[in-house]
Amino acid sequence: MREYRFDPNEELPLVHALLTGPRGQVRATLVFDSGCGLTQVHSQILETIGCGRAPNSKSVTISGVTGEGDPAFIVPVKSLHTLGARFDHAEIAGVDFSKWAHSGIEGLLGWDIIRQFHFDMDGPKGILRVF
Amino acid sequence: MTTKLTWDEITKLYNKEYVELTNYDWPDEEIHPRSGVVRVHSSDRAEFYKQVGKDTPVDSAIVFVGKLALPKDVIFSPGLRRVVANHA
């Protein structure tokens, strides 16, 4: 079992992930968000590691409870490392998170990744235990 | 700047700013990095990424310093987002 800390006083649980692409790697803060179907990362971070939008990128739309609207693209990264596990060739949605510029959030760790963990979340103590 | 700072020093100097750290120490289990060299910082995220895009290092960490800065009276609700394929 491994234990990861998050701040129980924040409005949202935050974790961090290491994203690796052909041009390098960036560690960034993501919301632990089981309500998000596919992991989404600010498109400018993906550009930084060489995984920005390409002519052959699959274009998609991000749909939420308030309706559809945010355009995005799907890109494979070399790997995504989070919570002690590495996911090679993970497909990530690149989203322009500019409208959340004041939130300090660079993306959402989605259910596609979260579902692969056996975990226990202690909200009051801010501990995420991964088995 | 090439001085390696502790997280406490970073929070005092760059509160409410985005920072890009190189030569950082950030154990998987911890919420915040322990230390790092601040290469780029700005309170304006667009400006921050403009600077990050110049001479980008091969290994860095991007961090917002401070607590989430959601606007007053706004409830942030990123959940329940799914990806829908676009059809030609």
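Parameters at a glance
Residues numbered from 1 in each chain as written. Chains lettered and ligands numbered in written order. Predicted model: local features only at pLDDT ≥ 70, side-chain atom pairs only at ≥ 80, totals over all residues. Heavy atoms only, no water. Helix = DSSP H or I, 4+ residues; strand = E, 2+ residues; numbered from the N terminus. Contact = heavy atoms within 4.5 Å. Areas by Shrake-Rupley, 256 points an atom, 1.4 Å probe, with all protein chains shown as cover. Core = buried A, V, L, I, M, F, W, Y, C linked by side-chain atoms within 4.5 Å. Buried < 20%, exposed > 50% of the residue type's maximum accessible area, 1.4 Å probe, protein only. Buried area = accessible area lost by both parts, 1.4 Å probe. Salt bridge = Lys/Arg side-chain N within 4 Å of Asp/Glu carboxyl O. Polar contact = N/O pair within 3.5 Å; in protein donor to acceptor, adjacent residues only side chain to side chain. Nonpolar A, V, L, I, M, F, W, Y, C, P; charged D, E, K, R; others polar. Pairing = 2+ DSSP bridges. Phe/Tyr/Trp six-rings, centres within 6.5 Å; stacked < 30°, edge-to-face > 60°. Axes fitted to C-alpha atoms, helices over the stretch in contact; angles between N-to-C directions. Arc of directions from axis to C-beta. pLDDT = per-residue confidence, 0-100.

Describing the overall build of chain B
- Across its full length, chain B carries two helices and five strands.
- Counting from the amino terminus, chain B carries its helices and strands in the arrangement β-α-β-β-α-β-β.
- Relative to all contacts within chain B whose residues are 6 or more apart in sequence, the contacts with residues 24 or more apart total 59%.
- Looking at chain B as shown, the accessible area adds up to about 5,100 Å², and 52% of this sits on carbon and sulfur atoms.

Regarding the nonpolar core
- Core analysis: the biggest nonpolar cluster contains 36 residues, and A:Ile45, A:Leu46, A:Leu80, A:Leu83, A:Ile92, A:Leu109 and A:Leu128 have the highest contact counts within it.
- Apart from the residues within four sequence positions on either side, A:Ile45 is in contact with A:Leu19, A:Val26, A:Ala28, A:Glu106, B:Tyr49 and B:Ile62.
- Of all hydrophobic cores here, the second largest spans 17 residues; its members include A:Val31, A:Leu38, A:Ala72 and A:Trp100.

Re the interface of chain A and chain B
- Taken together, the contact between chain A and chain B spans 55 residues of the former and 33 residues of the latter.
- Between chain A and chain B the total buried area reaches about 3,900 Å² when both faces are included, carbon and sulfur atoms providing 54% of it.
- Across the contact surface, chain A and chain B share three salt bridges.
- For the interface between chain A and chain B, the tally reads 15 residue pairs in polar contact (both at pLDDT 80 or more).
- For the side of chain A that touches chain B, the secondary structure elements donating two or more residues are strand E1 (2-5), strand E2 (14-21), strand E3 (24-32), strand E4 (40-42), helix H1 (43-48), strand E5 (58-64), strand E6 (67-76) and strand E9 (91-95) of chain A.
- Residue composition of the side of chain A that touches chain B, by class: 22 nonpolar, 21 polar and 12 charged.
- Across four bridges, E3(A) lies against strand E4 (residues 59-64) of chain B in parallel orientation. Bridge pairing links A:Arg27 to B:Ala61 in E4(B).

Quick word on the packing of aromatic side chains
Residues and elements named next belong to chain A.
- This model, assessed by the stated rule, comprises five aromatic pairs over all chains.
- Taking the centre distance of 5.8 Å and the plane angle of 75° together, the rings of Phe87 and Phe117 count as edge-to-face. One end of the pair, Phe87, is in strand E8 (residues 85-88); the other, Phe117, is in the loop between helix H2 (111-114) and strand E11 (119-122), with 30 residues separating them in the sequence. Pair check on accessibility: Phe87 and Phe117 agree, each one buried.

Section: the sheet that holds strand E12 (residues 127-130) of chain A
Residue and element names in this part refer to chain A.
- Strand order in this open sheet of three strands is E1-E12-E11, and the pairing throughout is antiparallel. The outermost strands of the open sheet, each flanked by one partner alone, are E1 and E11. Sheet twist, expressed as the average angle between the axes of neighbouring strands with direction ignored, equals 20°.
- Pairing analysis gives four bridges linking E1 to E12, with the strands arranged antiparallel. Bridge pairing in E12 links Arg5 to Ile127.

Observations concerning helix H2 (residues 45-52) of chain B
- Within H2(B), burial applies to B:Arg45, B:Phe48, B:Tyr49 and B:Val52. Across the axial projection of H2(B), the buried residues extend over an arc of 90°, all falling on one side. Exposed residues on H2(B) whose side chains face more than 90 degrees from its buried face are B:Ala46 and B:Lys50.
- Residues of H2(B) that are buried sit in contact with E4 and H1 of chain A together with strand E2 (18-25), strand E3 (35-42) and E4 of chain B.
- For H2(B), the N-terminal cap is B:Asp44; the gap from its side-chain oxygen to the backbone nitrogen of B:Ala46 is 2.9 Å.

Focus on the confidence of the model for chain B
Residues and elements named next belong to chain B.
- Put simply, chain B has an average pLDDT of 88, and 84% of its residues get 70 or more.
- Within chain B, the lowest mean pLDDT, 70, falls on strand E5 (residues 82-85), and the highest, 98, falls on strand E1 (residues 4-6).
- The ipTM value of the predicted complex is 0.88, and its pTM value is 0.90.

Quick word on the pattern of salt bridges
- Summed over all chains, the structure comprises 10 salt bridges over all chains.
- Note that B:Asp28 is salt-bridged to A:Arg27, the shortest N-O span being 3.3 Å. Of the two residues, B:Asp28 sits in the loop between E2 and E3 while A:Arg27 sits in strand E3, which places them in two different chains.
- The exposure class assigned to B:Asp28 is partly exposed, which follows from its relative accessible area of 23%.
- In this structure A:Arg27 comes out as buried when scored by relative accessible area, which is 8%.

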